[in-house]
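# A structural walkthrough
Now for the letters of each chain:
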Amino acid sequence: MTPAIDVLVVGLGPAGSRAAWAAARAGLSVLAIERKPRIGEPVQCAELVPMALEQELPQLGRATVQSIEAMHTYIEDGACDVAPHFPGAMLDRRRFDAALADAARTAGADCRCGIAFQSLEQGGAVRLNDGSRIHAGVIIGADGPRSRIGRLAGRSNRELLEARQVSVPLTHRHAATDIFLSCNIPGGYGWLFPKGDVAHVGAGVAPAARAQLRKIVERLHAKLAAQGRVGTSVLERTGGAIPASGMLDPIARLGETPVLLAGDAAGLTNPVTGAGIAAAVYSGALAGEAAAAWLAGKRNALHDYRDELQCIFGAALERALSRRRALAQAQRNGEVLSRAAQRRGWIAYPEYWTA
Ligand SMILES: Cc1cc2nc3c(=O)[nH]c(=O)nc-3n(C[C@H](O)[C@H](O)[C@H](O)COP(=O)(O)OP(=O)(O)OC[C@H]3O[C@@H](n4cnc5c(N)ncnc54)[C@H](O)[C@@H]3O)c2cc1C
C-alpha cells in the first residue's frame, strides 16, 4: 500500500516552509520536500524585504543584517533621486529560510532535504526521486519560478527575467537601496543593496538581453569601484530567474488531487522590482490554511485561496505588468527611453502610482 498523507509540499523556500507550517499547525500530516541538500543554499537573492513583513513574521529581526531607510534612484547616470521612506530589511537569506523551515518542523511538518518531486503516477501516487511513492490529499507547489508542479498542472510562468549579482566589499556604510535605470539595462534595472560591510551589486534584464548580463554587471561593479563605493574584489556570485508575467491561476488538479501553487510558482513576484519573498511568505501560509480548510470539508476553500491572492496581490501585479509592458513596447519600437518614461516605470516615483 502506498502511504498517505494530508499534504505534500514541494519546495522549502519561504513559500513552502510557510505552507508546511500553516498546514501542520492546523493538525494535518505534512510531508515537505526540498531537492537541495540544505535549506536556503546556495542563496540566489539580493535579500531585501519590506519592513512591513515583520507584522507577519515577528522573528524577522533575527535574520536581519541591517535596516534600510531610503531608496536612491539614478536614471542614466543623472543625479540621485532620494525617496526617503522606503523601510526595508537586508536579510541573511540562508538564516531566514532555515528559520522558516525550523518553524514548520516545530509545528509538526516532516521536512526533508535532498528529496525531489519526480512524477505523478496514474492513480494519483506521487513518485519521489528516492524511489518512494506517496498519496497526498492536497499538493502544494512551492517549487519556485520554474515550477514542475505548475508545469504538470498547465500553469507556467511565461516570462522569466534573468538576474545576476556579485557580492563585493562596501567601503562606506550605507542605509539605502540604490537603483540604476538605464536603456543599457533592457527590461530591468541595476542595484546596489548594502548588507553590513558587503554590497550586492547586480542586474536583472529581459530574456532577450540575457547574453549581455554578465557585462552589464561587470560595468556597474567597475563604475561603483571607480567611485570608491565598493571594492574591486568579488566575494560571491549568484543569479537566477525571476517570474515577470504576473499571477497564474493558483489552483489546479493533478489527476484527482487538488493543487495549490504559492510564491514564485504562482507568479507572485513583482514584474518591475523582482521582489517575491514577502509574497512567498504570505501566499505560502494561505495555501497551507486553504489545504486544511478543504480537507476539513470546506468545498469553497480552493476558490477562496485564488480570490484571496487576487485581492492581496492582483492590483499591484497588474500595475507592475502594465508599466513593464509600456517600457518593453517603447524599446521594441527602438525609442530611446525618456526620463519621464523611466520615472513612470519605477516604484520610487509618484508617476508610477498614478493611473
Ligand atoms: C538574483 C535574485 C535576486 C532576488 N532578490 C530579491 C530581493 O532582494 N527581494 C525579494 O523579495 N525577492 C528577491 N528575489 C526573488 C525571491 O528570491 C523569490 O521571489 C523567492 O525566493 C520566492 O520564494 P519561493 O519559496 O516561492 O521559491 P524559492 O525560494 O525559489 O524556493 C523554491 C524551492 O523549491 C525547490 N524545488 C524546486 N523544484 C523542486 C522539486 N522538483 N522537488 C523538490 N524541491 C524543489 C528549490 O530547490 C527551492 O529551494 C530575487 C531573485 C533572484 C533570482
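Basis of the calculations
- Residues numbered from 1 in each chain as written.
- Predicted model: local features only at pLDDT ≥ 70, side-chain atom pairs only at ≥ 80, totals over all residues.
- Pairing = 2+ DSSP bridges.
- Helix = DSSP H or I, 4+ residues; strand = E, 2+ residues; numbered from the N terminus.
- Axes fitted to C-alpha atoms, helices over the stretch in contact; angles between N-to-C directions.
- Contact = placed C-beta atoms within 7 Å.
- Expected span 1.5 Å × (residues − 1).
- Buried ≥ 20, exposed ≤ 12 C-beta atoms within 10 Å, placed from the backbone.
- Arc of directions from axis to C-beta.

An order of S6-S5-S13-S14-S15-S12-S16 is seen for the seven strands of this open sheet, with the pairing classed as mixed. Edge strands, defined here as strands with exactly one partner in the open sheet, are strand S6 (80-83) and strand S16 (236-243). Each adjacent strand pair in this sheet contributes to an overall mean axis angle of 20°, direction not counted. The pairing of strand S12 (residues 160-169) with strand S15 (residues 198-205) spans eight bridges and is classified as antiparallel. From the neighbouring strand, Ser167 faces S15, where its bridge partner is His200. Packing of helix H4 (residues 213-226) onto the sheet brings it into contact with S12, strand S13 (176-181), strand S14 (189-195) and S15, and relative to S15 it is tilted by some 145°.

Our focus in this paragraph is helix H2 (residues 93-107). Over its 15 residues, H2 runs 21 Å from end to end, which matches the ideal 21 Å to within 8%, given 1.5 Å per residue. Every buried residue belonging to H2 is among Arg93, Phe96, Asp97, Leu100, Ala101 and Ala104, and all of these are buried. Along the axis of H2, the buried positions cluster into a sector of 130°, meaning they face one direction only. Among the structural elements, helix H1 (14-25), strand S2 (30-34), strand S7 (88-91) and strand S8 (110-113) are those in contact with the buried residues of H2. Downstream of H2 by one or two residues, Gly108 has phi in the positive range, about 115°.

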